[in-house]
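Each chain, letter by letter, is given below.
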Amino acid sequence: MAHSAISQVSVAVPLQTDSSFRRSTFKATSLTFSDKSCISMPSIDLKAARFRRQNIVSMSVQQASKAKVSVSPLSLEDAKEPPLNIYKPKEPYTATIVSVERIVGPKAPGETCHIVINHDGNLPYWEGQSYGVVPPGENPKKPGSPHNVRLYSIASTRYGDSFDGKTASLCVRRAVYYDPETGKEDPSKNGVCSNFLCNAKPGEKVNITGPSGKIMLLPEDNPNATHIMIGTGTGVAPFRGYLRRMFMESVPSFKFNGLAWLFLGVANTDSLLYDDEFTKYLSDYPGNFRYDRALSREQKNNKGGKMYVQDKIEEYSDEIFKLLDEGAHIYFCGLKGMMPGIQDTLKRVAEERGESWEQKLSQLKKNKQWHVEVY
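Chains are numbered independently. Their residues run from 1 in the order of the written sequence. The model is predicted, so local features are restricted to residues of pLDDT at least 70 and side-chain atom pairs to those at 80 or more, both for listing and for counting; the totals for chains, interfaces and linings are taken over all residues. Note that the side-chain values use all heavy atoms of the structure and ignore hydrogens as well as water.

Chemist: Is there a simple way to think about the packing of helix α3 (residues 237–248) against helix α4 (residues 275–284) in this case?
Modeler: For any two helices packed against each other, the geometry comes down to the angle between their axes and how far apart the axes lie. Relative orientation of the contacting elements α3 and α4 amounts to 35°, with a least axis distance of 11 Å. Where α3 crosses over α4, the handedness of that crossing is left-handed. Listed contacts from α4 to Arg 240, Leu 243, Arg 244, Phe 247 and Met 248 of α3 are Glu 277, Phe 278 and Tyr 281. Think of it as three bins: nonpolar holds Ala, Val, Leu, Ile, Met, Phe, Trp, Tyr, Cys and Pro, charged holds Asp, Glu, Lys and Arg, and polar takes everything else, Gly as well. Broken down by class, the residue content of the contact of α3 with α4 amounts to five nonpolar, no polar and three charged. For helices, the fitted axis covers only the stretch in contact; all axes are lines through C-alpha atoms, and the angles between them, taken along N-to-C directions, range from 0 to 180 degrees. Here a helix means four or more residues in a row that DSSP labels H or I, a strand means two or more in a row labelled E, and each is numbered from the N terminus. Left-handed describes a crossing whose near helix is turned anticlockwise from the far helix through less than a right angle; right-handed describes the clockwise counterpart. Residues count as neighbours in contact if any of their non-hydrogen atoms are within 4.5 Å of one another.

Quick look at the structure:
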């Protein structure tokens, strides 16, 4: 836990964690997820929240709106272009784990951890970028060589959860393999990187590459723009960074006054990530933030089936299409399996409106309104 003085008010700042479990090239058919616990930080006060995750993500949540949090160094705003690949796989940066915290409730299927990493200001990034993580050990397919890099969307702003520009946060879901015949866990086939990160202890070293990626960068040329964010599970990571920049941090050069609309799809209430943080923005900025949850195991769609994020999109399709026509940006982040259902829904809605989805999509891409990062 870190403490930060904010505008003459001493505020406890539990370090948060929700990056995106990323393109770790695991086969979806052979991976399920366990409910084992990550390392917990006993110094974090959990009494005020229902679950650990609620406390973690509520960091200075009382301050999140009207009195925004001061950040430094503001020189991080000076660069005209995003930092790219400062550290490469052959020579990664050795960072340090600050904290690892489970951020889902007991009824969540699988385990998701918020991981704060100290880079001491040596690995700057912009919101929407990714870090690569090189897990320790050697690649079993290339003896003597390190493991391949796994990419994770960064879940914090460039100032990190401690607002000093020295940390980055990742949101990682632990990948666990179960033998289909015995039903038992086979640790030898578990996700190497996600388990390394979820098991990491404060002070442990972690090799980082990057930052990488430009497609998910938050366009800031128009502070009145509309940003529609659609994420599943840990795909919420970049959106957490966007929203903290918009609503929590005091950045003199970026005064957001547009609309941010987040659609988040997870299994159930216990699986919600950073929900307290988002709910606070909803309360404090009702004219600038909308938040819709799709809980597949708890809600039904209009046809009586499970509620997925594409069902929520269909529910608000007229509004979404109108906003896109007016220049809104739309972002998608999560497992690549989310996209076919979403694309089918958008195509059907377009056709019902007498429009060609192919033409509309082509125009959105041409206008740089369409941002997709799936893994």
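Chemist: What is the right way to read the nonpolar core from this model?
Modeler: Most often, soluble globular proteins have nonpolar side chains that are buried together. Working definition of a nonpolar core: buried Ala, Val, Leu, Ile, Met, Phe, Trp, Tyr and Cys residues. They are joined through side-chain atoms within 4.5 Å. Relative accessibility decides the category of a residue: with a 1.4 Å probe and only protein chains considered, values under 20% of the type maximum give buried, values over 50% give exposed, and everything between is partly exposed. Of all hydrophobic cores here, the largest spans 39 residues; its most connected members are Leu 243, Met 246, Phe 247, Leu 262, Phe 278 and Phe 289. For this core, the secondary structure elements donating two or more residues are α3, β14 (259–266), α4, β15 (289–295) and β16 (329–334). The greatest single-element share of this core, amounting to seven residues, is contributed by α3. For Leu 243, the residues in contact, after removing those within four places along its chain, are Met 229, Met 248, Ala 260, Leu 262, Phe 278, Tyr 281 and Phe 289.

Chemist: Just to check I follow, could you spell out the pairing of β15 for this structure?
Modeler: Across the seven residues that make up β15, a large majority, five, are buried. In this description, strands pair whenever DSSP reports at least two bridges between them. Across seven bridges, β14 lies against β15 in parallel orientation. Bridge assignment links Ala 260 to a residue of β15, and that residue is Phe 289. Running through α4, the crossover from β14 to the neighbouring parallel element β15 is right-handed. By convention a crossover is right-handed if, when the strands point away from the viewer, the path from the first strand over the helix to the second runs clockwise.

Chemist: How should I be thinking about the pattern of salt bridges in this particular structure?
Modeler: It is possible for side chains of opposite charge to pair when their charged atoms get near one another. Basic side-chain nitrogens of Lys or Arg form a salt bridge, by our definition, when they fall within 4 Å of a carboxyl oxygen of Asp or Glu. Under the criterion given, the structure shown has 23 salt bridges. With its nearest N and O atoms 3.5 Å apart, the salt bridge here joins Glu 111 to Arg 102. Of the residues examined, Glu 111 reaches a relative accessible area of 0% and is grouped as buried. With a relative accessible area of 11%, Arg 102 lands in the buried category. Of the charged contacts, one joins Glu 127 and Arg 158 as a salt bridge, the two residues approaching to 2.8 Å between their closest N and O atoms. With Glu 127 in the loop between β6 (112–118) and β7 (130–134) and Arg 158 in the loop between β8 (150–153) and β9 (167–173), this pair connects stretches of sequence that are 31 residues apart. For the pair Glu 127 and Arg 158, a shared accessibility class is recorded, and that class is buried. Shared partners join several salt bridges into a network, and the residues in it are Glu 77, Glu 127, Arg 158, Glu 220 and Arg 245.

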